[in-house]
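Structural characterization, general
So you can see what is in the structure, the chains are spelled out below.
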There are 2 protein chains.
Amino acid sequence: MASIKDVAAEAGVSVATVSRVLNDHPSVSDDARTRVLAAVDALGYRPNAVARSLRTDQTRTLGLVISDVMNPYFTELARSVEEEARTLGYSVIIGNADERPDLQDHHVRTLLDRRIDGLLVSPTDGGSPLMLDAARGGTPMVFVDRWIPGVDVPVVRSDGRGAVRDLVAHLHALGHRRLAIIAGPAATTTGRERVEAFREALQAHGLELPDAYTGQGDFQAESGRRVTEGFLDLPEPPEVVFAADNLMALGALDAVRARGLRIPQDIALAAFDDIPWFVHTDPPITAVAQPTGELGRAAVRALVDRIEGRPPQSVTLPARLVVRRSCGEQPASPESAPAQNRSQS
Amino acid sequence: MASIKDVAAEAGVSVATVSRVLNDHPSVSDDARTRVLAAVDALGYRPNAVARSLRTDQTRTLGLVISDVMNPYFTELARSVEEEARTLGYSVIIGNADERPDLQDHHVRTLLDRRIDGLLVSPTDGGSPLMLDAARGGTPMVFVDRWIPGVDVPVVRSDGRGAVRDLVAHLHALGHRRLAIIAGPAATTTGRERVEAFREALQAHGLELPDAYTGQGDFQAESGRRVTEGFLDLPEPPEVVFAADNLMALGALDAVRARGLRIPQDIALAAFDDIPWFVHTDPPITAVAQPTGELGRAAVRALVDRIEGRPPQSVTLPARLVVRRSCGEQPASPESAPAQNRSQS
DNA sequence: CTGAAAGCGCTTACAG
DNA sequence: CTGAAAGCGCTTACAG
């Protein structure tokens, strides 16, 4: 592979001059520029990003560590992150933690070893020593979706409190009184917040959230199935199951189906996170939709601000309720979803 | 950030010795090793992968360029690729082409600039000059899922011919005679092969595939919707629509639903690529399932073989039919899927 | 405007 | 077993 030396030789100039034309340095003669460009073309030369990074101490690369790529919510997040980063001249390297703290650490370490310019993290847990060190130790960092309390790192996330209130109001209006939740891991902020928001919304209607109706999941489908089976085995099963993410909703669906029960006649189902498939499940599923793309873009902007020396800002965007048929028919509108529903588009 | 020099100073040895203990070189005294390790620990030293790569001319990194991360099939492929690569001591950087040749080239170029050790590609088109140059120009490369004919690059893919034959037999047995397909882009091998396999299978039953029943899609949901609408507008609409991937099936579902038609009573639907949601759609969708994880792992093994100087091997794995209810009830088994159906697990 | 030279952080023959 | 030195491919003050 041709190096800058080969180009210099071919063009009859020094490597310094080649470097200058490659980096659009103003003080290069037209003649030199022309010859260098011709040589670059002739040799099919491409600068070695590794060497450049070593010299400039920047990689123009962002690391993104997410908890689970297979979760469509995170896939979409990753996609919007890459898009915005590309617009700003950065590449992104994705590390998939698969909800495993050890894997998360593996990726953080690898990314740090590669000297990425900044790190976007949706932490799987409360923060390993490695992660905490990185956060405090000067690595530009931004939390997205989930975050770790007590660390001075900007957070870009969405607030589902209002949407969960709307959901509970909807369920209450439909006559449901025994509501259960499949929670995410307590080690994650989203795992805790969604349960709290649910509990608070219930209280506003004078309803309790008994322990028996709080199942511990891990944001993966299998746990949704397991918890739902537990609910169905109860002497008095809940009338509604609210899954704290879309994968656990998938597991819940599996469990309900395995028993031959019907949704919403036998049991109602709602989920946090909206995905295109929820329109076509049997029945279509009522969900809390996050502004995922906006979240990813805002997170990148905050991180790049931090990297480039501008003050980064935390951002909180509201989620919203998308009503479909999985909790029972709406008295008013027979339609499955509001006009604004983006997963229908 | 501490460098190897700092460690050497702290341990009272030369940087050469530090490098040796870090790389498990045998000729290092126990004493030196202990002191170096202590210094590494004290300083929290982590080797700079950028510098190491520049020196050794290898990055222990694989590039993976896929056509669309949002497609669950490719997400799963990416996940299995990363897993196998990690097992073999490699990292992977994913580039998402979004079915756009220009974006694909962008990622190939970026990856090459970073001097990745090898490239895994599922090409979006017939091969840009850049891609062709890379393939011929010595970059270790393996095609996965899709490939470019006429290039000497190993291919790891699955053969859906048998499964498509099974599908058509199934449809024929159900009494369907007017079968249509939503094809993928003709510039991709999978786009062409699935249509050919379908046509051949039809011929075996004495059926034709008229042009009006061959809609041109692009593997994205929107095209599935558009093509399906065209089919439904025909004076004599097809009895079955076969979508050449799962996203176009989603679009088809949208279109059918928008017209208020029922599946399978009004029109039957089948898809290439199986995903967990197909179990829970209304109705569950009959699909051709690829051994996605195996594909990803085999592709990595082939690429690493190539990188490390062993002869790489092309691999073709069979796909299989998963019968559900979207094409009509099975006369024999009332069950929605065979026992082996992995998307039920 | 241009080039010689230093240096980024490593690894690895080479000599001892 | 150990260290001094070269060199990977760049960029960038510095001097002219």
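Procedures and definitions
Residues numbered from 1 in each chain as written. Chains lettered and ligands numbered in written order. Predicted model: local features only at pLDDT ≥ 70, side-chain atom pairs only at ≥ 80, totals over all residues. Heavy atoms only, no water. Least-squares fit on C-alpha atoms with pLDDT ≥ 70 in both. Contact = heavy atoms within 4.5 Å. Helix = DSSP H or I, 4+ residues; strand = E, 2+ residues; numbered from the N terminus. Near = heavy atom within 4 Å. Polar contact = N/O pair within 3.5 Å; in protein donor to acceptor, adjacent residues only side chain to side chain. Nonpolar A, V, L, I, M, F, W, Y, C, P; charged D, E, K, R; others polar.

**Focus: the relation of the copies chain A and chain B**
Aligned on chain B, chain A shows an RMSD of 0.0 Å; the corresponding rotation is 180° and the shift along the axis is 0.0 Å. A rotation of that kind, with that shift, is consistent with a two-fold axis. Relative to the rotation axis, the closest C-alpha in chain A is found at threonine 281 of chain A, a distance of 2.0 Å. Taken as a fraction of all interface residues of chain A, those also at the interface in chain B reach 100%, which identifies the copy contact as same-surface.

**Remarks on unusual backbone geometry**
All names here are of chain B. Put simply, isoleucine 263 and proline 264 share a cis peptide bond, and its omega is 0°. Summarising the element assignment, proline 264 is placed in the loop between helix 11 (246-258) and strand 9 (268-272). Despite not being glycine, glutamate 99 shows a phi value in the positive range, around 60°. The residue glutamate 99 is located in the loop between strand 2 (91-96) and helix 6 (101-113) in this model. Positive phi is not limited to glycine here, since aspartate 273 has a value of about 85°. Here aspartate 273 shows up in the loop between strand 9 and strand 10 (286-289).

**A short note on the protein's contact with DNA strand C**
Close to DNA strand C lie 27 residues, the nearest being Thr17, Arg20 and Ser29 of chain A together with Ser19 and Arg55 of chain B. Taking the atoms of DNA strand C that fall within 4 Å of the protein, sugar and phosphate contribute 60% of them. The side chain of asparagine 23 of chain B places a nitrogen or oxygen atom 3.2 Å from a phosphate oxygen of DNA strand C. Measuring from a phosphate oxygen of DNA strand C, one finds a side-chain N or O atom of arginine 52 of chain B at 2.7 Å. Every element with two or more residues in the surface near DNA strand C is listed here: helix 2 (15-22) and helix 4 (49-56) of chain A together with helix 1 (4-11), helix 2 (15-22) and helix 4 (49-56) of chain B. Residues belonging to the surface near DNA strand C are distributed by class as follows: 11 nonpolar, nine polar and seven charged.

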